[in-house]
Amino acid sequence: VLCLAFSPSGDKLATGSCDDTARIWSAQTGEQQHALCGHTDFVLCLAFSPAGDRLATGSEDKVARIWNAKTGEQQHALCGHDDFVRCLVFSPAGDKVA
């Protein structure tokens, strides 16, 4: 595991790993809720949106991805970075990611 984050409500924990996946877990039971597959290299960073309904992930594959944290479905792939995506954050309103 290379990175982790709690959802704002504290009921979910997200992890990013060397197996090219991010995973969402129940913080209460430890049960895996979703395996987020789509990156092609290590997942280096992740962040929940302020509402906790989306998860952003960044990877050594130079792509940031936005996922629906409730369903595990990918919503967006933000391509075009020249190097690894090592850090990302949602704006306070949750309408932008940087």
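The structure under discussion appears in the preceding block.
Nothing here was measured: the structure is a model prediction, and the numbers come from that model.

Asker: Is there a simple way to explain the nonpolar core in this structure?
Answerer: Note that soluble globular proteins tend to have their nonpolar side chains buried in a common cluster. Counting residues in each nonpolar core, the largest one holds twelve residues, listed as Cys3, Ala5, Ala14, Ala22, Ile24, Leu36, Val43, Leu46, Phe48, Leu55, Trp67 and Ala69. Residue assignment for this core shows that the elements contributing at least two residues are strand S1 (3-6), strand S3 (21-26) and strand S5 (43-48). It is S5 that provides the largest number of residues to this core, a total of three residues. Ignoring any residue separated from it by four or fewer positions in sequence, one finds tryptophan 67 in contact with Leu36, Cys37, Gly38, Asp53, Arg54, Leu55, Thr57, Gly72, Glu73, Gln74 and Gln75.

Asker: Explanation requested: the pattern of salt bridges in the structure shown.
Answerer: Side chains that differ in sign of charge can pair as their charged atoms come close. The final tally for this structure, using the stated rule, is five salt bridges. Between arginine 54 and aspartate 53 there is a salt bridge whose closest N-O contact spans 3.8 Å. The salt bridge partner of lysine 96 is aspartate 95, with a shortest N-O separation of 3.4 Å. Look at lysine 96 and you get exposed, because its relative accessible area is 53%. For aspartate 95, a relative accessible area of 54% translates into the label exposed.

Asker: Just to check I follow, could you spell out the sheet that holds S5 for this structure?
Answerer: The strands that make up a sheet pair up through hydrogen bonds in the backbone, lying either parallel or antiparallel. With antiparallel pairing, the four strands of this open sheet are ordered in space as S5-S6-S7-S8. Pairing within the sheet leaves two strands with one partner each, and these edge strands are S5 and strand S8 (74-78). Pairs of neighbouring strands in the sheet enclose a mean axial angle of 20°, with direction left out of account. Relative to strand S6 (residues 54-59), S5 runs antiparallel, the two being bridged by five bridges. Each bridged residue has a counterpart across the sheet, and for cysteine 45 the counterpart in S6 is glycine 58.

Asker: Which parts of the structure should I look at to understand the pairing of S1?
Answerer: Within a regular strand, the side chains alternate between the two sheet faces. Of the two faces of S1, the one holding Cys3 and Ala5 is buried and the one holding Leu4 and Phe6 is not buried anywhere. By the bridge criterion, four bridges tie S1 to strand S2 (residues 12-16) in an arrangement that is antiparallel. Residue pairing for S2: alanine 5 is matched across the bridge by alanine 14. Between the antiparallel neighbours S1 and S2 lie five residues, among them glycine 10 with a positive phi of about 85°.

Reading the values: the criteria
- Residues numbered from 1 in each chain as written.
- Predicted model: local features only at pLDDT ≥ 70, side-chain atom pairs only at ≥ 80, totals over all residues.
- Heavy atoms only, no water.
- Core = buried A, V, L, I, M, F, W, Y, C linked by side-chain atoms within 4.5 Å.
- Buried < 20%, exposed > 50% of the residue type's maximum accessible area, 1.4 Å probe, protein only.
- Helix = DSSP H or I, 4+ residues; strand = E, 2+ residues; numbered from the N terminus.
- Contact = heavy atoms within 4.5 Å.
- Salt bridge = Lys/Arg side-chain N within 4 Å of Asp/Glu carboxyl O.
- Pairing = 2+ DSSP bridges.
- Axes fitted to C-alpha atoms, helices over the stretch in contact; angles between N-to-C directions.

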